[in-house]
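A look at the structure
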Amino acid sequence: MNKKTVRDIDLKGKRVLMRVDFNVPMEGGKVTDDKRIKASLPTIKFVLDQGASLVLMSHLGRPKGGFDPEFSLKAAANVLAGYLGIPVQMAPDCVGPEVEKMAKALKPGGVIMLENTRFHPEEEKNDPELARKMAALGEVFVNDAFGSAHRAHSSTEGVAHFLPAVSGFLMEKELEYLGRATTNPEHPYIAILGGAKISDKILVVENLLTKCDKLIIGGGMANTFLTAIGLNMRDSLVEAGSIDTAKAILAKSGNRIILPVDAVIADKFEAEANNKIVDVDKIPAGWRMMDVGPKTLELYKETLKGAKLIVWNGPVGVFEMPKFAEGTFSLARLLAESGATTVIGGGDSASAVKKAGVANKMTFVSTGGGASLEFLEGKELPGVAALLD
Ligand code: AMP
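Residues numbered from 1 in each chain as written. Predicted model: local features only at pLDDT ≥ 70, side-chain atom pairs only at ≥ 80, totals over all residues. Heavy atoms only, no water.

Within the span of helix H3 (residues 74-84), buried status applies to Ala75, Ala76, Ala77, Leu80, Ala81 and Leu84. At the C-terminal side of H3, Gly85 shows a positive phi close to 70 degrees. (Buried < 20%, exposed > 50% of the residue type's maximum accessible area, 1.4 Å probe, protein only. Helix = DSSP H or I, 4+ residues; strand = E, 2+ residues; numbered from the N terminus.)

Now the structure itself:
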């Protein structure tokens, strides 16, 4: 994917409208985790260093439509101001004459934070009129919000039709590393998919099978595949409606899919349940698979040996419960020690590598859950497609 970036465009003296992802967790009007704000600093500083001024926009949470102080971006703007060491003016809205006036009065080096784009219900409808009003606030559009790029909204896709549109550094990095999983990957390439439901990930399975050498399937997803090969998974999470699909995928996979051979099982779906380790064909009545067992982890170790590229999305067990987290954490450590390029596809796997204490040993951890999944499906994300080639 060859998208223009902030490096490819003259920003001197320009007013830059930038879509960031400041959808940060908040409690009692305070930002409780500012990593997304921190992550946007390199692009923000670069733009300001070029002698541009900056109008920032983002969504935050799911307001019902119309201004709601609970979903205001004011606290995020204050955190940003602290990091930049300069004032960040808070706009009363994300569009409108008053905001246009503020934007036009900006001097090079000045920064405005627009109010939550979702205060306008038209945002999620990708309303072109709203997009046009947003575009009136800048002369160049920079999109650095990869996590929102799978949604065609006014602030992600629509606005890009009205201004020269390029990516920021965060977006660029996501496209580069996730792109390695889908375009000309290095080999041996091992993909790992886990998580609860196969129905969410069928398109990813099908796309990655055309690219990778081996596909490890774990987690709740694996149960449906194990059922498809004739095993009785008892009370495990199995999606009856996907068994035929799993059979069809296995039939055309040419033995490249690796399924668990043993399991940590539980007598209840609870953190304090009784647990034991059995082979996957010996799950007793009343029990369910919660994690992969030690033999499976040995198999993973063998499979990952010599890999040049490993892409992982979705935990291989119910890692939120300590008794059933070992498979996922051990897998995270295997990746950390693999010597391969390791790309973590956001969401739960990102939090798993963090909890396992090896996030900094990964080559790249995606910030976008839904967006990275759609990317791995091979879809072109609307917010990316709209950027200049
Ligand atoms: P997803 O959002 O599809 O990536 O799914 C993540 C969820 O899958 C996590 O909350 C895990 O607890 C869950 N999960 C992983 N393995 C299993 C399993 N064997 N049975 C049920 N849920 C699982």
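For the coordinates displayed, the defined rule picks out three aromatic pairs. Geometrically, the ring pair formed by Phe67 and Phe119 is edge-to-face, given 5.2 Å between the ring centres and 65 degrees between the ring planes. Of this pair, Phe67 sits in the loop between strand E4 (53-57) and H3 while Phe119 sits in the loop between strand E6 (111-113) and helix H5 (128-135); the two residues are 52 residues apart in sequence, bridging distant segments of the chain. Since its relative accessible area comes to 54%, Phe67 is described here as exposed. Taking relative accessible area as the criterion, Phe119 reaches 7% and is therefore assigned buried. On the numbers, 5.0 Å between centres and 15 degrees between planes, the contact of Tyr177 with Phe364 is stacked. Placement of Tyr177 in helix H6 (residues 169-182) and of Phe364 in strand E17 (residues 364-365) is noted, with a sequence separation of 187 residues between them. The two residues Tyr177 and Phe364 agree in class, both being buried. (Phe/Tyr/Trp six-rings, centres within 6.5 Å; stacked < 30°, edge-to-face > 60°.)

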